[in-house]
Amino acid sequence: MYTAIRKHIEQIIPLTDIEFEEFKSILSIHKLRKKEALILPGNRVDTEFYVVKGCLKAYHTSENGDRSIVQFAIEDWWISDFKAFFNESTAKLTVECIEDSIVLGLKKVALEELYKRIPKFERFFRIKTTRAFISLTGRIQNALEKESSDLYIDFCKSYPNIEQRVPNYEIASYLGIKPESLSRIRKEITLNNLQ
């Protein structure tokens, strides 16, 4: 279970066995069922989660009940209500399992202490946060510049492992389009591929 997260970290920083054991000691294991919530709006968020197995989503629910998916997370990804996590505040998002999942929890207070003892972990998480920011900025820019069909094609190319595991209406929510529009786009792509 811990092999994947060590490999994940060592893509950015080298670790000794002692350093990794110290990091491992602050992780908590969470086994969750499909549709089980990891974070609910109003909960205080003090933990971020690394996905060992499964698929999760983070979404916002409007006052009229509409859901907007802001993130998917599969194996080797991190998920939380990051605004609440970094601001040490209450969640606005729900984080829920799309599949049965296993995640490793990392509490912010333990992470801050780890930074003092092993400073290179701060570099690791700074790089991960910077990459996430760049990805989010790119997603916003694409949403402003591209047609819905191009957004869907880009999503499928970028995240083929998600596209196969997530219902179409949730992909539509993530892309900010109506499910009917996504169905039409998928039919058009299928027809074009047959010609």
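Everything that follows concerns the structure shown earlier in this document.
Values in this document were obtained by computation on a predicted structure and should not be read as measured data.

*Asks:* Where do I start with the overall build of the chain in this structure?
*Replies:* The helix and strand tally for the chain stands at 9 helices and 8 strands. What you see for the chain is a C-alpha radius of gyration of 18 Å, in line with the 16 Å of a compact globule of 195 residues. In terms of principal-axis extent, the alpha carbons of the chain reach across some 60 × 40 × 30 Å. With 195 residues in all, the chain has 39% of them scored as buried. Excluding contacts between residues fewer than 6 apart, the proportion of contacts in the chain whose partners are at least 24 apart in sequence is 70%. Total accessible area on the chain stands at roughly 11,500 Å², and carbon and sulfur atoms take up 52% of it. Positive and negative charge centroids in the chain, built from 30 and 28 side chains respectively, lie 1 Å apart.

*Asks:* Where do I start with the sheet that holds strand β5 (residues 67-74) in this structure?
*Replies:* One key point about sheets: their strands pair by backbone hydrogen bonds, in either a parallel or an antiparallel sense. With antiparallel pairing, the 4 strands of this open sheet are ordered in space as β2-β7-β4-β5. In this open sheet, the two strands that pair with only one neighbour each are β2 (37-39) and β5. For this sheet, the mean inter-axis angle between neighbouring strands, taken without regard to orientation, is 30°. Summarising the sheet, strand β4 (residues 55-61) and β5 pair through 7 bridges and their orientation is antiparallel. Paired with K57 across the strands is F72, a residue of β5. Against the sheet, helix α8 (residues 168-175) makes contact with β4 and β5, and its axis sits at roughly 105° relative to β5, the strand it touches most.

*Asks:* Before we go on, may I ask you to explain the packing of helix α6 (residues 148-158) against α8 in this structure?
*Replies:* The relative placement of two packed helices comes down to the angle between their axes together with the axis-to-axis distance. Closest axis-to-axis distance for the α6/α8 pair is 11 Å, and the angle between their directions is 115°. Here α8 runs roughly perpendicular to α6, going by the angle between their axes. As α6 runs across α8, the sense of the crossing is right-handed. Across the interface between the two elements, L151, Y152 and F155 of α6 pack against I171, Y174 and L175 of α8. Among the residues making up the contact of α6 with α8, the classes are represented as 6 nonpolar, no polar and no charged.

*Asks:* Even after reading the chapter, I still don't get helix α4 (residues 108-117), so can you show me in this structure?
*Replies:* Given 3.6 residues per turn, any residue in an α-helix points the same way as the ones three and four places further on. For α4, the full list of buried residues reads K108, L111, L114 and Y115. The arc that holds every buried residue of α4, seen down its axis, measures 115°, which confines them to one face. Along α4, the residues that are exposed and aim more than 90 degrees away from the buried face are V109 and K116. As for α4, its buried residues are in contact with α2 (17-25), β3 (47-53), α3 (82-87), β8 (101-107) and α5 (120-145).

*Asks:* Even after reading the chapter, I still don't get the environment of N64, so can you show me in this structure?
*Replies:* Structurally, N64 is set in the loop between β4 and β5. At 2.3 Å, the side chain of N64 and the side chain of S62 are in polar contact. At a separation of 3.2 Å, a polar atom in the side chain of N64 contacts the main-chain amide nitrogen of D66.

*Asks:* Just to check I follow, could you spell out the side chain of E96 for this structure?
*Replies:* Structurally, the position occupied by E96 is in strand β7 (residues 93-97). E96 gets classed as buried once you look at its relative accessible area, which sits at 12%. Among the polar contacts made by the side chain of E96, one reaches the side chain of Y59 at a distance of 3.0 Å. When neighbours within four sequence positions are excluded, E96 is seen to be in contact with K35, E36, A37, L56, K57 and Y59.

*Asks:* Would you explain the nonpolar core in this entry?
*Replies:* A general trend in soluble globular proteins is that nonpolar side chains are found buried together. Ranked by size, the top nonpolar core spans 23 residues in total, and within it I5, I9, F23, L106, F121 and F125 carry the most contacts. Those elements that provide at least two residues to this core are α1 (2-10), α2, β3, β8, α4 and α5. The element that contributes the greatest number of residues to this core is α5, accounting for 4 residues. Excluding residues within four positions of it along the chain, I5 makes contact with F20, F23, L27, Y50, W78 and L104. Counting residues in each nonpolar core, the second largest holds 18 residues, with F72, I74, F155 and I162 among its members.

Quick notes on the rules
Residues numbered from 1 in each chain as written. Predicted model: local features only at pLDDT ≥ 70, side-chain atom pairs only at ≥ 80, totals over all residues. Heavy atoms only, no water. Helix = DSSP H or I, 4+ residues; strand = E, 2+ residues; numbered from the N terminus. Rg over C-alpha atoms; globule rule 2.2 N^0.38 Å. Buried < 20%, exposed > 50% of the residue type's maximum accessible area, 1.4 Å probe, protein only. Contact = heavy atoms within 4.5 Å. Areas by Shrake-Rupley, 256 points an atom, 1.4 Å probe, with all protein chains shown as cover. Lys, Arg positive; Asp, Glu negative; His and termini not counted. Charge placed at Lys NZ, Arg CZ, Asp CG, Glu CD. Pairing = 2+ DSSP bridges. Axes fitted to C-alpha atoms, helices over the stretch in contact; angles between N-to-C directions. Parallel < 35°, antiparallel > 145°, perpendicular 65-115°, else oblique. Left-handed = near helix turned anticlockwise from the far one by under 90°. Nonpolar A, V, L, I, M, F, W, Y, C, P; charged D, E, K, R; others polar. Arc of directions from axis to C-beta. Polar contact = N/O pair within 3.5 Å; in protein donor to acceptor, adjacent residues only side chain to side chain. Core = buried A, V, L, I, M, F, W, Y, C linked by side-chain atoms within 4.5 Å.

Any functional reading would require information beyond the geometric quantities listed.
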